[in-house]
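Remarks on the overall topology
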Amino acid sequence: MPEQQTAAAASQLSTVRDFLRWALSEFRAARLVHGHGATSATDEAAFLILEALHLPVDDINPWLDARLLEAEKRKLAHLIRARIDTRMPAAYLVRRAYIRGIPFYIDERAIVPRSYIGELMFSGIFGGGEAPLIGDVAAVASVLDLCTGSGCLAIIAAGIFRDAEVDAADLSADALEVARINIDEHDVADRVSLLQGDLFDAVGGRGYDLIIANPPYVAGGEVAAFPPEYGHEPVMAHLGGEDGLDLVRRILAGAADHLNPGGGLLCEVGTGRGRLVDDYPQLDFLWLDTEESEGEVFWITREQLLEASL
């Protein structure tokens, strides 16, 4: 039946609008879960279609009435069917994800890029806005991206801090292979270095002006109950222990030893704010909001960590 539906779609549908409508109907009927760069069936269907056709992914409206070639129709029909049959996120199917319009290669060796830190880094918290965390980006000479995964945040950091050397560390050799592809595609291999190891073990005694961390922060019970879409991603990229904060605690414990004077840690923790505040009453976390999140990312300075004797 799925093959017949795919063949029928490829033969009977004609325009981008037709395929968007069909994909939306099929996605909703299949009760797919969306959360890998798209938050709705409409957004994911549009992304899948536009990326597969090598069109800009920011707006499908200019292309809705475009008629498709037979090869394009077959390609779209198979991709839409594959999204339903495999429950694989669209980003994996087309090997592409975006953060603020910046494209990154992605496959199942690394988690699909979707960090709130990426959004924050373009919001003026560094070198802009009314009260930036770091007022002078030129003064930042070294950045560490912990749990780098696909390398996207390290690459964004290299673009913002143009005079800095960036280290991108991860425990997963597979994820670092994906990061290498992105580093090469973005032509930053001369400034972004990949390091393999368990958190700060990867960097030895090095110190940094800024540490960025988007570690695994999902509780064990939640990982066990994941829908199939999230099951396609590496478990180690999600699993943060029983309450999700094991790695965050380790990062807090070691960050001061690897921050230069005046430096700070920017860390994403998901829904762990309440537990962290309870566990670390001595720390004055600065919680940062984005358009789609509230209190899921904190900033803390080296001096604050030292004062709290962490």
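All values reported here derive from a predicted model rather than from experimental measurement.

**Re unusual backbone geometry**
The residue Arg-100 is not glycine, and still its phi comes out positive at about 50°. Considering the arrangement of structural elements, one finds Arg-100 in the loop between β1 (97-99) and β2 (102-104). A positive phi angle, close to 50°, is found at Leu-199, a residue other than glycine. Residue Leu-199 is classed as buried on the basis of its relative accessible area of 6%.

**So, the side chain of Ser-142**
Looking at the element boundaries, Ser-142 is found in strand β3 (residues 142-146). Other than its neighbours up to four places away in sequence, Ser-142 contacts Ala-164, Glu-165, Gly-207, Tyr-208, Asp-209, Leu-210 and Asn-260.

**Comments concerning the packing of aromatic side chains**
Using the criterion set out here, one finds 8 aromatic pairs in the structure. Plain terms: the ring middles of Phe-19 and Trp-22 are 6.4 Å apart, the flat faces sit at 85° to each other, and that makes the pair edge-to-face. Taken together, the positions of Phe-19 and Trp-22, both in helix α2 (residues 16-29) and 3 residues apart, correspond to about one turn of that helix. Clustering of aromatic rings is evident, with ring pairs tying together Phe-126, Phe-161 and Trp-299.

**Comments concerning helix α8 (residues 173-185)**
With 13 residues, α8 extends 19 Å from end C-alpha to end C-alpha; this agrees with the ideal 18 Å at 1.5 Å per step. Buried residues of α8: Ala-175, Leu-176, Val-178, Ala-179, Asn-182 and Ile-183, and no others. Buried residues in α8, looked at end-on, bunch into an arc of 155°, giving them a common side. Put simply, Ser-172 is the residue that caps the front of α8, since its side-chain oxygen is 3.3 Å from the backbone nitrogen of Asp-174. Backbone geometry just after α8 places Asp-187 at a positive phi near 55°.

**Looking at the environment of Ala-173**
Note on placement: Ala-173 falls in helix α8. On a C-alpha basis, the gap between Ala-173 and Leu-239 in space is 17 Å, while along the polypeptide they are 66 residues apart.

**Examining the sheet that holds β3**
Strand order in the open sheet made by the 7 strands is β5-β4-β3-β6-β7-β9-β8, with mixed pairing throughout. The open sheet has two edge strands, β5 (192-196) and β8 (286-288), and neither has a second partner. Ignoring which end each strand starts from, the neighbouring axes of this sheet average 20° apart. Its contacts with the sheet place helix α11 (residues 246-255) against β3, β6 (208-213), β7 (259-268) and β9 (297-301), and it is angled at close to 175° to β7.

**Describing the pairing of β5**
Here strand β4 (residues 165-170) pairs with β5 via 5 bridges, running parallel. Looking across to β5, one finds that Asp-167 is bridged to Ser-193.

**A word on the pairing of β3**
Extensive coverage of β3 is indicated by the burial of 5 of its 5 residues. Alternating positions in β3 separate into two faces, Ser-142, Leu-144 and Leu-146 on one and Val-143 and Asp-145 on the other, with burial throughout. Where β3 and β4 come together, 5 bridges link them in parallel fashion. If you follow Ser-142 over to β4, its bridge partner there is Glu-165. One ladder, built from 4 bridges, connects β3 with β6; its direction is parallel. Among the inter-strand pairings, Leu-146 is bridged to a residue of β6, identified as Ala-213.

**Topic: the packing of α2 against helix α4 (residues 70-86)**
Interhelical geometry of α2 versus α4 gives an angle of 15° and a closest axis separation of 10 Å. In terms of orientation, α2 and α4 fall into the roughly parallel class. Handedness of the crossing formed by α2 with α4: right-handed. Facing Phe-19, Trp-22, Ala-23, Glu-26 and Phe-27 of α2, the residues of α4 in contact are Lys-73, Leu-76, Ala-77, Ile-80, Arg-81, Arg-83 and Ile-84. Here the contact of α2 with α4 is built from residues that sort into 8 nonpolar, no polar and 4 charged.

**Some remarks on the side chain of His-238**
Along the polypeptide, His-238 turns up in the loop between α10 (228-231) and α11. The contacts of His-238, once residues within four sequence positions are left out, are Ile-111, Arg-114, Pro-216, Tyr-217, Val-218, Val-223, Phe-226, Tyr-230 and Glu-233.

How each quantity is defined
- Residues numbered from 1 in each chain as written.
- Predicted model: local features only at pLDDT ≥ 70, side-chain atom pairs only at ≥ 80, totals over all residues.
- Heavy atoms only, no water.
- Helix = DSSP H or I, 4+ residues; strand = E, 2+ residues; numbered from the N terminus.
- Buried < 20%, exposed > 50% of the residue type's maximum accessible area, 1.4 Å probe, protein only.
- Contact = heavy atoms within 4.5 Å.
- Phe/Tyr/Trp six-rings, centres within 6.5 Å; stacked < 30°, edge-to-face > 60°.
- Expected span 1.5 Å × (residues − 1).
- Arc of directions from axis to C-beta.
- Polar contact = N/O pair within 3.5 Å; in protein donor to acceptor, adjacent residues only side chain to side chain.
- Pairing = 2+ DSSP bridges.
- Axes fitted to C-alpha atoms, helices over the stretch in contact; angles between N-to-C directions.
- Parallel < 35°, antiparallel > 145°, perpendicular 65-115°, else oblique.
- Left-handed = near helix turned anticlockwise from the far one by under 90°.
- Nonpolar A, V, L, I, M, F, W, Y, C, P; charged D, E, K, R; others polar.

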